[in-house]
Amino acid sequence: MNLANVDLKLLVVFDAMIVEGSVSRAAERLGMSQPALSNALNRLRLLLNDRLFLRTADGMRPTPRALEIAGPVQAAMRQIEEALEPTTFESGDPDWTFSLAVSDHASVVLLPLLIEHIGRVAPRVSLQIQSRPNEELPALLDSSEIDLAVGVIPNLPRRFKHMPLFEDKYLCMMRQGHPLAGRPITLGEFLAADQLAVKPGMSDVSRADRFLAQAGLKRRVATTVHQFLAAPAIVSRSDLIVLVFEKMAPIFDPSRFYFCPVPVPNMQVSATAVWSDVHTDLPAHKWLRRQLAQVARQLAEETGAEGLALSAAG
C-alpha cells in the first residue's frame, strides 16, 4: 500500500476506536462529530477491505483483522506523537499535565508526598490520578492514556520500563479488644482466625493469598471486599483480621486498631513506577521520574528504610 494514498487521520480514528470501543466515545475523544467519525471509519473500511468493527450489545467489537493491525498501528501513532513532542520541558508551563494510575497502597504511602513535592517545586504542573487494576495497565500504557503506573505491578511484558520506589510488608490488623489483640499471634492462630481479604483487581486470588500458597499455607477467608476503604470499618465492628501494609499503618487510629507481625516469612512487596519504553527519553517524562525518585528517597528517610529509588535520568 502506498502511504501517499493514505489519510493518516484515518489511523487516528482507528486508534481511538480500538481504545474506546464506541463511535460516540471515540468522536468525543477526538473532538469530532459522530457522523464525521463514522464517515472516516467507512473510508478506512474501504481502504482495508474489512469491516474492522462490528456492532454488538457490548459496543463495537474489533474484527480479527482490526486486532491484527491494532498493535503496530498504535505503536506507530505513539512514535509519531513522541516525535512531535517539544524537545524541552519547563515545569512552570501550565499546560503540562501528567496522568498516573496509582494503586490504593501507593495512594496512601507515596501519593501525598508526591503531591506535596510537586506543589512546592512545580505548582503549575497538574496531576491526574486514577485507580486501575493491574490487568488494564499494559493497554493504558501502550495507548499513552497514562504516563506512569505506580504500585505493586508484577509480570509486565518486557517492553515496559520500571524503577523501584519502596518496599513494604504485611501486618495483621484487628480491632482493639479482639481476642488475639495485645500480643504477637502464632501461625496456628493466624490460620484459624476468620479473615477479611482485600482483592482490588479481578484476579481469583489476592496477592496475600498467593504469598501464603507459596509457603504451602491457606488462611480462613470469611469475607472478601474489592475496596480497601471498606476494610477498617468492617474490622472495627467484627472479630475479623485483615492484612495491611506496614507503611499504611500510620493512617489508622491506634486507639481503635491493634497491629502485629504476620507469622509467615517473606510477606513483602516492592512498589515500582512503570512506563512505556517510548517515553523513556522524553524530557517531561524524565523530569516526572526524577520527582518520583526524589519522593521515594524522602519516604525511605522518613520511615527509616533503605532507599530503593533510582536515578530516573537513564
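On a predicted model such as this, the values are computed, not experimentally measured, just so you know.

Details of the overall build of the protein
Helices and strands together make up the secondary structure of the protein, namely 11 helices and 11 strands. The principal-axis extent of the C-alpha atoms belonging to the protein is close to 75 × 45 × 30 Å. Counting across all 314 residues of the protein, residues that qualify as buried make up 43%. The long-range fraction of contacts in the protein, counting pairs at least 24 apart against all pairs at least 6 apart in sequence, stands at 75%.

With respect to helix α2 (residues 23–30)
Those residues of α2 lying buried are Val23, Ala26 and Ala27. Buried residues of α2 fall within an arc of 100° about the axis and therefore sit on the same side. Just downstream of α2, Gly31 is the residue with a positive phi angle, here 70°.

So, empty space enclosed by the protein
Scanning all chains against the criterion turns up 1 cavity of 30 Å³ or more. Of the pockets and cavities examined, the largest cavity occupies roughly 40 Å³. In terms of lining residues, the largest cavity is bounded by Leu100, Val102, Ala106, Leu110, Leu111, Leu114, Val150 and Leu292. Of all the secondary structure elements, the ones that give two or more residues to the lining of the largest cavity are β3 (97–102) and α6 (111–121).

Quick look at the state of the cysteines
Inspection of the entire model under this criterion finds 0 disulfides. Looking at Cys172, it has no disulfide partner, and the nearest cysteine sulfur is the one in Cys260, 4.5 Å off. With relative accessibility at 2%, the residue Cys260 sits in the buried group.

As for the packing of aromatic side chains
Enumeration over the complete set of coordinates arrives at 8 aromatic pairs. With a centroid separation of 6.2 Å and 15° between ring planes, the pair formed by Trp96 and Phe98 is classed as stacked. Taken individually, Trp96 and Phe98 each receive the classification buried, so the pair is uniform in this respect. Grouping aromatic residues by their ring pairs yields a cluster made of Phe228, Phe252, Phe257 and Phe259. Cation over ring: Arg289 sits above Trp275, and NZ or CZ is 4.4 Å from the ring centre.

Examining the confidence of the model for the protein
For the protein, mean pLDDT is 87; residues scoring 70 or higher make up 90% of the total. Contacts of residues 305–314 to residues separated by more than four positions or lying in other chains number 22 contacts, the stretch itself having pLDDT below 50.

A look at the packing of helix α1 (residues 8–20) against α2
One can describe the packing of α1 onto α2 by two numbers: an axis separation of 9 Å at closest approach and a directional angle of 125°. By the angle between their axes, α1 is oblique relative to α2. The element α1 and its partner α2 pack so that their crossing is right-handed. Packed against α1, whose contacting residues are Val12, Val13, Ala16, Met17, Val19 and Glu20, the element α2 presents Val23, Arg25, Ala26, Arg29 and Leu30 at the interface. Each residue belonging to the contact of α1 with α2 can be placed in one class, and the counts come to 8 nonpolar, no polar and 3 charged.

Looking at the nonpolar core
Where a protein is soluble and globular, its nonpolar side chains tend to be buried together. In this structure, Phe98, Val150, Leu165, Tyr170, Met267 and Leu292 are the most contacted members of the largest nonpolar core, which totals 63 residues. At 8 residues, helix α11 (residues 283–303) tops the list of elements feeding residues into this core. Apart from residues lying up to four places away in sequence, Met267 is in contact with Asp168, Lys169, Tyr170, Ala208, Phe211, Leu212, Leu243 and Val262. Within the second largest apolar cluster, 22 residues are counted, among which are Val13, Met17, Leu41 and Leu44.

Let's talk about unusual backbone geometry
Generally, phi is negative for residues other than glycine and the peptide bonds are trans, each holding for most cases. A positive phi angle, near 70°, is found at Leu52, a position not held by glycine. Accessibility expressed as a relative area gives 0% for Leu52, which makes it buried.

Section: the side chain of Thr280
Along the chain, the position of Thr280 falls in the loop between β11 (268–276) and α11. Given the relative accessible area of 10%, Thr280 is considered buried. In terms of polar contacts, Thr280 uses its side chain to reach the backbone carbonyl oxygen of Asp277, at 3.1 Å. Beyond its immediate sequence surroundings of up to four residues, Thr280 is in contact with Lys161, Trp275, Lys286 and Arg289.

Observations regarding the pairing of strand β5 (residues 148–151)
Within a regular strand, side chains alternate between the sheet's two faces. Taking every second residue as pointing to the same face, both faces of β5 are buried, with Leu148 and Val150 on one and Ala149 and Gly151 on the other. Where β3 lies against β5, 3 bridges are found, and the strand directions are parallel. If you follow Val102 over to β5, its bridge partner there is Val150. Note that β5 and β11 share 3 bridges and pair antiparallel. Bridge pairing in β11 places Val150 opposite Ala273.

Parameters at a glance
Residues numbered from 1 in each chain as written. Predicted model: local features only at pLDDT ≥ 70, side-chain atom pairs only at ≥ 80, totals over all residues. Heavy atoms only, no water. Helix = DSSP H or I, 4+ residues; strand = E, 2+ residues; numbered from the N terminus. Buried < 20%, exposed > 50% of the residue type's maximum accessible area, 1.4 Å probe, protein only. Contact = heavy atoms within 4.5 Å. Arc of directions from axis to C-beta. 1 Å grid on protein atoms, 1.4 Å probe; cavity = no way out; pocket = protein on both sides within 12 Å on 5 of 7 lines; lining within 4 Å. Points joined across faces, edges and corners; volume = space filled by probe spheres on them. Disulfide = S-S within 2.5 Å. Phe/Tyr/Trp six-rings, centres within 6.5 Å; stacked < 30°, edge-to-face > 60°. Lys NZ or Arg CZ within 6 Å of the ring centre and 35° of its normal. pLDDT = per-residue confidence, 0-100. Axes fitted to C-alpha atoms, helices over the stretch in contact; angles between N-to-C directions. Parallel < 35°, antiparallel > 145°, perpendicular 65-115°, else oblique. Left-handed = near helix turned anticlockwise from the far one by under 90°. Nonpolar A, V, L, I, M, F, W, Y, C, P; charged D, E, K, R; others polar. Core = buried A, V, L, I, M, F, W, Y, C linked by side-chain atoms within 4.5 Å. Polar contact = N/O pair within 3.5 Å; in protein donor to acceptor, adjacent residues only side chain to side chain. Pairing = 2+ DSSP bridges.

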